[in-house]
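Here is how the chains run, residue by residue.
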Amino acid sequence: MTNSTDVCKTCRKPKANFHCGLCSDSICKSCAQFLEEGAFSFLRKVPADFTHPTYCTNCFDDKISAPLNDYNQKLEEAREVYIFTKDQTKQTRLLKRKEEPYVVENCEDEQEALLRMSFWAVEAKFNALIDIQLSHKKIIVGSHKKTIWAATAIPIFIDPDKVRGF
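Residues numbered from 1 in each chain as written. Predicted model: local features only at pLDDT ≥ 70, side-chain atom pairs only at ≥ 80, totals over all residues. Heavy atoms only, no water.

1. Some thoughts on the side chain of Ser26
Turning to step 1, where the next piece is worked out: With respect to the element layout, Ser26 can be found in strand S2 (residues 26–27).
Turning to step 2, where the next piece is worked out: The class for Ser26 is buried, based on a relative accessible area of 13%.
Turning to step 3, where the next piece is worked out: A polar side-chain atom of Ser26 sits 3.5 Å from a polar atom in the side chain of His19. (Helix = DSSP H or I, 4+ residues; strand = E, 2+ residues; numbered from the N terminus. Buried < 20%, exposed > 50% of the residue type's maximum accessible area, 1.4 Å probe, protein only. Polar contact = N/O pair within 3.5 Å; in protein donor to acceptor, adjacent residues only side chain to side chain.)

2. Considering helix H3 (residues 110–123)
Turning to step 1, where the next piece is worked out: Here H3 is 14 residues long and its end C-alpha atoms lie 20 Å apart, about the 20 Å a rise of 1.5 Å per residue gives.
Turning to step 2, where the next piece is worked out: The buried count for H3 comes to 10 of 14 residues, which makes it a mostly enclosed element.
Turning to step 3, where the next piece is worked out: For H3, the set of buried residues is Ala113, Leu114, Leu115, Arg116, Met117, Ser118, Phe119, Trp120, Ala121 and Val122.
Turning to step 4, where the next piece is worked out: Buried residues in H3 make contact with helix H1 (57–78), strand S5 (82–85), strand S6 (102–107), strand S7 (128–141) and strand S8 (144–156).
Turning to step 5, where the next piece is worked out: Looking one or two places after H3, you find Lys125, whose phi comes out positive at around 70°. (Expected span 1.5 Å × (residues − 1). Contact = heavy atoms within 4.5 Å.)

3. Quick notes on the pairing of S8
Turning to step 1, where the next piece is worked out: Bridge count between S6 and S8: 4 bridges; the pairing is antiparallel. If you follow Val104 over to S8, its bridge partner there is Ala151.
Turning to step 2, where the next piece is worked out: Pairing of S7 with S8, which is carried by 12 bridges, proceeds in the antiparallel orientation. Counterpart to Lys138 in the pairing with S8 is Thr147. (Pairing = 2+ DSSP bridges.)

Bear in mind that shape data such as this cannot, by itself, settle questions of function.
Okay, structure coming up:
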């Protein structure tokens, strides 16, 4: 609940309608930094500092900006991860499967499931996912139909210089 006499912490204008999620200071719309919905959504556990929709400029620059840039960089790297499905075991039969498989559930489409596992692989310093198995189930509620995807994959590191065909 904002008070109409609140003054913006940054520009000192009256009618600051927002509050910073971290420091709780009043800020106006033009000074507020908004975090997009779904930012940091591929992290396995989203820290509490990253769950607020609005931040003041100081808090955003100090605590949110650098992790957000790092997250976006990892997301771009995740798009470059090598993908091998379970049907391609002929190509991956000599690769060691030491790591525990990643499991994702409740994804909206198969691309999101693959990207989510790829992001986790990049975080753990891997560059490939092998033995990927995708599955889906249809959920029907009245006239609304929705498909939910799940996937499993084993993360590995492949040296692209030593392997042919990548």
